[in-house]
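Chain residues, written in single-letter form:
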Amino acid sequence: MLWIWRHGERSRPDRTALLVAAGCSAVWCTLATMVGPDNNSTIIAATARNLALIAAIFFLFSADGRSDSLKPIRPVIIALVLVQLMQPLVLLSQMKGSSFPQPEGAVVEVRAVIDMLVSIGALMLLHNLYAGAANTLRPILRWTGVGLSGIFAFDLNLSSIAYLSGEYPAPIGDLRGLFAGVMAVLFALGMNAAGPRMQFNPSRAVTFRTLSLLLIGGYLTLMVLVTKSLALIGGDIAFAIQIMFLVLAIFAAVVALPSPRLRSWLRVMVTKHLFQHRYDYREEWLRFTRTIGRGGTGSASLEERAVKALADITESPAGLLLMPNEEAQLEITARWNWPTIAVPAVAAEYAFSSLLEQHNMVLALDEARNGIDHHGEQAQVPAWLTDADDAWALVPLLHFDRLVGVIVLARPTMARQLDWEDFDLLRVAGQQLASYLAEQAGQQALMDASRFDEFNRRMAFVMHDIKNLVSQLSLLATNAEKHADNPAFRADMLVTLRNSADKLSALLARLGRYGSGQVHERSTFDLVALARGISERFRGVRPVALTRDEPVVVIGHREALEQALIHLVQNAIDASAPDTPVFLDVVAQGINGMIDVVDSGKGMTPEFVRTGLFKPFVSSKQGGFGIGAFEARELVRAMGGRVSVESREGLGTRFSIVLPKAEAVRLMGAQQFPQNASQEVA
C-alpha cells in the first residue's frame, strides 16, 4: 500500500481501489493472525478486500474509455457486490439469539458458494477485460491482471474444496494471506512506470511441467466431483457410472495419452500460443536481405545466394535450386555447398512441379520417406530425393501463384523435425526469393530483346549490302560473258565470279534465317547418312566418330539440321582437348529418332546451362558471339524437334537432338507433306 501510494502512477484509474484493497488485506491478515481466520471480524475484512478488488476491476475497464460502451459490465459488477455483501448476512445468522435455523455445515457451504460465485464472476470479468483491450493497453493491464486473477483463482480453489469437504482446509487457508501478499507485489509492479515494460518469459521445460501439473490437478478435481456426485446418487446407477468412468479413464490413459500424434499436436499448440517464436524475425530478415544483396564482381550468382539465404534460416549446410524448363520439368540450376549429391538431368517431372505449385507445400522429405501423404505427393517425389538421406526439406518458390523454382535443403547439423513455424517462415521466404528470381528473369528478357533489336538492325544493313554486292557480281559475270575477248581469261573469271556469287548467296540465305524461327520445306532423310556426312566434313580437323548407327528415317529439314549439328560439333571440338575425338550416336527412341553429340571436354556448370547456354550473345569462348547454340536450338525447334543437354564439370557434355520418325508422323496424320517435297531416304 505504501509503495503504491508513493511510487504508483497517479493517473491510473485503479490506483485508489488497489490502495484500499492493499490496506484491507493488511487488516485482514492482522486479524487472522490475532483472532483466527474464522472470526467474524476477519471475514468482514476479507469481504471489504474483495469489494475493493471488484472496484479495481471496474476502474480498469475505464482505462481505455470502455466504461460507457460496455454497459453490460455494470450489472455484473453490481451483482458481484450484492453477492459479496451476503457474507455479513450469513455471519448475522450465526449470532446468538438469531431466529434463523442453523443446520450443521450449512453456514460453511453457503459461505463457500458465495466465495465461488464472486471468484468465478471476477475471473470472467478479468478475461473480458484483457481479451477486449487494445494491444497498446495490454502491457498496462498485464501485471495487475495477473495479480487479480491469482487472488480470485486461489479463493475459487479454496472455496471449492471447502464446499466439497464441508470445512475450510487449514493448511490451504493458512497460505491464503501469503499468496495474496505475493500478488500484491504484482500490483505494485504494475503501478510503477517501468513495470509494464517487464515481461516474464518462462522456459519451455517450466511451462510444460506447469501445464502437466494443471492437467493433473484438473483430473483430480474431476475425480472429486464425480466421487461426491456418485455418493449422492447411490445404488446401482452409481456403480454403473463408476464402471463407465473407469473404462473411459483407462481408454484415455492407454490410447490417447501415448499417441505421438496427440503429443505432437499438444506440443505445437503450446509452443504456438505460449512461447516466444523460435526465430528472431528481425535478425533473420536482416541476414536474408544482406545475403541476397551481396552482389558485385566475383560474388556468387543470385541463384546461389537465394539457396544460401534460405538455408541460413534453418541452419542447413547445403542446398540446391531446381527451376522448371519449358516443359515444366525441374532441372538443376545452382548448387550451394553440395557437390556430392547426384541430380539427374530431369530432376522431377511436370506432375511434381504442378503439385507444388497448386498447394504451395513445403515438403518434409522425412515424412515422404515414412509414407506420410498430404496431397498425393508420395507418388510424385523423385527417387533421387528420397534416396539421399541428407536431403531434408523442399521449399517451393511461388510468384503470383506460378512456380519459379524449388529449393532443396540439406539436413541441419542438429537434426530436428520441421514444425509449424518452419513451414510458415520457409513459405514466406520462398515467395520473397521467387520475386527476386522473377525480376531477374524479366530484366534479362528485356536486355535480350534490346540486344536482338540492335542485332536485327545491323543484320538488315548487312543483308542489304550483301544483296547489292551479289547483284553487282551477277551483272559483272553477265557482261564478262558477253564482252571478254580472251577465252581462257573469260573462263577463269566466270568460275571465280560465279563461286563468289554462290558463296554470298549462301551467306545471304543463312543470314535471312536468323530470327525467322521457321523451316518451310521438310523432307524425310536418314540420320545415319547425315551423321556420316558430318564426320567426313570434320575429318581433317578433328576425329568425329560414329559410335552407334541404327537406321532411323526422320522428318525435318536436312540442311537446317546439318547446320545445327555443325554448330554443336564445333562447340564440342572447342571444349575438348587437342586430339580428343567427338562422338555421334544415332539411335531410335520410340516414335522418335535421336542423334547425340558427345564430348569429354571440360563440361559446363548447371548455372551456365540454365542461364547462358541458349542465350544469344552469351559465350564461354574468348571472342565468341554466343549465337551458335541458340541458332541450333531454334532450327531444330522450327522443324518440330527438341534439343536437350546434359553436362558435368570435368566430365563432358552430351547434346541430344530428337526428331519425329517419318513413319510415325504418317500414321498419326500430324504432318502434311508438299507434293514436291524431296524424298531423301538413304
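Residues numbered from 1 in each chain as written. Predicted model: local features only at pLDDT ≥ 70, side-chain atom pairs only at ≥ 80, totals over all residues. Heavy atoms only, no water.

**Looking at the overall build of the chain**
Within the chain, the secondary structure is distributed over 23 helices and 13 strands. By residue count, 40% of the 682 residues in the chain fall in the buried class. Considering only contacts in the chain between residues 6 or more positions apart, those separated by 24 or more positions represent 68%. A total of about 37900 Å² of accessible surface is found on the chain, and carbon and sulfur atoms cover 60% of it. (Helix = DSSP H or I, 4+ residues; strand = E, 2+ residues; numbered from the N terminus. Buried < 20%, exposed > 50% of the residue type's maximum accessible area, 1.4 Å probe, protein only. Contact = heavy atoms within 4.5 Å. Areas by Shrake-Rupley, 256 points an atom, 1.4 Å probe, with all protein chains shown as cover.)

**Focus on the environment of Leu 178**
Tracing the sequence through the fold places Leu 178 in helix H8 (residues 170-191). Given a relative accessible area of 58%, Leu 178 falls into the exposed group. Between the C-alpha atom of Leu 178 and that of Cys 29, which follows or precedes it by 149 residues, the distance is 8.9 Å.

**Some details on the confidence of the model for the chain**
On average, residues of the chain score 77 in pLDDT, and 70% of them are at 70 or above. Predicted confidence is poor over residues 194-201, with pLDDT under 50, and the contacts of this stretch with residues over four places away or in other chains come to 15 contacts. Residue range residues 670-682 is modelled with pLDDT below 50. Its contacts to residues more than four positions away, or to other chains, number 21 contacts. (pLDDT = per-residue confidence, 0-100.)

**What to know about the pairing of strand E1 (residues 319-324)**
Of all 6 residues that make up E1, 6 are buried, and the element is covered over most of its length. The alternating pattern of E1 places Gly 319, Leu 321 and Met 323 and Leu 320, Leu 322 and Pro 324 on opposite faces, both of which are buried. Pairing geometry for E1 and strand E2 (residues 330-336), over 6 bridges, is antiparallel. The residue of E2 that forms the bridge with Met 323 is Glu 331. If you look at the hairpin formed by E1 and E2, you'll find 5 residues sitting between the two strands, and Ala 328 has a positive phi there, around 65°. Here E1 pairs with strand E5 (residues 402-410) via 4 bridges, running antiparallel. When the bridges of E5 are listed, Leu 320 appears paired with Val 408. (Pairing = 2+ DSSP bridges.)

**Digging into the sheet that holds E5**
Spatial ordering of the open sheet is given by E2-E1-E5-E4-E3, a layout of 5 strands whose pairing is antiparallel. The open sheet has two edge strands, E2 and strand E3 (363-364), and neither has a second partner. Packed on one face of the sheet, helix H13 (residues 302-313) meets E1, E2, strand E4 (391-399) and E5 and runs near 75° to E2. Along the sheet face, helix H14 (residues 350-359) touches E2, E3, E4 and E5 and points at about 70° away from the line of E4. (Axes fitted to C-alpha atoms, helices over the stretch in contact; angles between N-to-C directions.)

**Overview of H13**
Along an α-helix, residues three or four apart share an orientation, since each turn contains 3.6 residues. With 12 residues, H13 ought to run about 16 Å at 1.5 Å a step, and its terminal C-alpha atoms sit 17 Å apart, in line with that. Along H13, the residues that are buried comprise Leu 302, Glu 303, Arg 305, Ala 306, Val 307, Ala 309, Leu 310, Ala 311, Asp 312 and Ile 313. At the C-terminal side of H13, Glu 315 shows a positive phi close to 60°. (Expected span 1.5 Å × (residues − 1).)

**Quick look at a nonpolar patch on the surface**
On the surface, Met 1, Leu 2 and Trp 5 cluster together into a nonpolar patch covering about 370 Å² of accessible area. Relative to the helices and strands, Leu 2 resides in helix H1 (residues 2-7). (Patch = residues over 30% accessible without salt bridge, like charges linked within 9 Å, V, L, I, M, F, W, Y side chains within 5 Å. Salt bridge = Lys/Arg side-chain N within 4 Å of Asp/Glu carboxyl O.)

**Some thoughts on the side chain of Ser 316**
Within the secondary structure layout, Ser 316 lies in the loop between H13 and E1. The exposure class of Ser 316 is buried, given its relative accessible area of 4%. Of the polar contacts made by the side chain of Ser 316, one reaches the side chain of Thr 314; its length is 2.8 Å. In this structure Ser 316 touches Ala 311, Trp 336, Trp 392, Leu 409, Ala 410 and Pro 412, once residues within four positions along its chain are discounted. (Polar contact = N/O pair within 3.5 Å; in protein donor to acceptor, adjacent residues only side chain to side chain.)

**Remarks on the pattern of salt bridges**
Under the definition given, this model contains 16 salt bridges. Taking the shortest distance from any N to any O, the salt bridge between Lys 308 and Asp 312 comes out at 2.9 Å. Highlighted residues: Lys 308 and Asp 312, both in helix H13, separated by 4 residues, approximately one helical turn. What makes Asp 312 buried here is its relative accessible area of 15%. One salt-bridge network, in which partners are shared between bridges, spans Glu 326, Arg 633, Glu 634 and Arg 637.

**Here we look at the sheet that holds strand E12 (residues 652-660)**
Sheet architecture is open: 5 strands sit in the order E7-E9-E10-E12-E11, paired in mixed fashion. The two strands at the open ends of the sheet, each matched to only one other strand, are strand E7 (544-549) and strand E11 (642-648). Ignoring strand direction, the axes of neighbouring strands in this sheet form an average angle of 20°. Bridge count for strand E10 (residues 592-599) against E12 is 8 bridges, and the pairing is antiparallel. In the sheet register, Asn 592 faces E12, and the bridge partner there is Pro 660. Its contacts with the sheet put helix H20 (residues 558-575) on E7, strand E9 (582-589), E10 and E12, and the angle it makes with E10 is roughly 25°.

**As for the nonpolar core**
One recurring pattern in soluble globular proteins is that nonpolar side chains are buried together. Counting residues in hydrophobic clusters, the biggest one holds 37 residues, and the most contacted among them are Leu 561, Val 597, Phe 655 and Ile 657. Contributions of two or more residues to this core are made by helix H19 (527-537), H20, E9, E10, helix H22 (628-638), E11 and E12. At 8 residues, H20 tops the list of elements feeding residues into this core. Discounting chain neighbours no more than four positions away, the residues touching Leu 561 are Phe 525, Leu 527, Leu 530, Val 636, Met 639, Ile 657 and Leu 659. (Core = buried A, V, L, I, M, F, W, Y, C linked by side-chain atoms within 4.5 Å.)

**Structural notes on the pairing of E9**
Pairing of E7 with E9 involves 5 bridges; the strand directions are parallel. Within E9, the residue paired with Leu 546 across the bridge is Leu 584. Of the strand pairs in this sheet, E9 and E10 are connected by 7 bridges, and their pairing is antiparallel. Residue pairing across strands places Leu 584 opposite Val 597, the latter belonging to E10. With antiparallel pairing between neighbouring strands as the criterion, E9 and E10 make up a hairpin whose turn holds 2 residues, including Gly 590 at a positive phi of roughly 65°.

**A look at the packing of helix H12 (residues 281-293) against H13**
Running from amino to carboxyl end, H12 crosses H13 at an angle of 165°, the nearest separation of the two axes being 8 Å. In this view, H12 runs roughly antiparallel relative to H13, as classed from their interaxial angle. Where H12 crosses over H13, the two elements pack in a sense that is right-handed. Touching Glu 284, Arg 287, Phe 288, Thr 291 and Ile 292 of H12 are Leu 302, Arg 305, Ala 306, Lys 308, Ala 309, Asp 312 and Ile 313, all from H13. The residue inventory of the contact of H12 with H13, partitioned by class, reads 6 nonpolar, 1 polar and 5 charged. (Parallel < 35°, antiparallel > 145°, perpendicular 65-115°, else oblique. Left-handed = near helix turned anticlockwise from the far one by under 90°. Nonpolar A, V, L, I, M, F, W, Y, C, P; charged D, E, K, R; others polar.)

**As for the packing of helix H2 (residues 15-35) against H8**
Direction vectors running N to C along H2 and H8 enclose 155°, while the axes themselves pass 11 Å from each other. One element, H2, and the other, H8, form an angle in the roughly antiparallel class. Handedness of the crossing formed by H2 with H8: left-handed. Facing Arg 15, Leu 18, Trp 28 and Cys 29 of H2, the residues of H8 in contact are Arg 176, Gly 177, Ala 180, Phe 187 and Met 191. Taken together, the residues that form the contact of H2 with H8 break down as 6 nonpolar, 1 polar and 2 charged.

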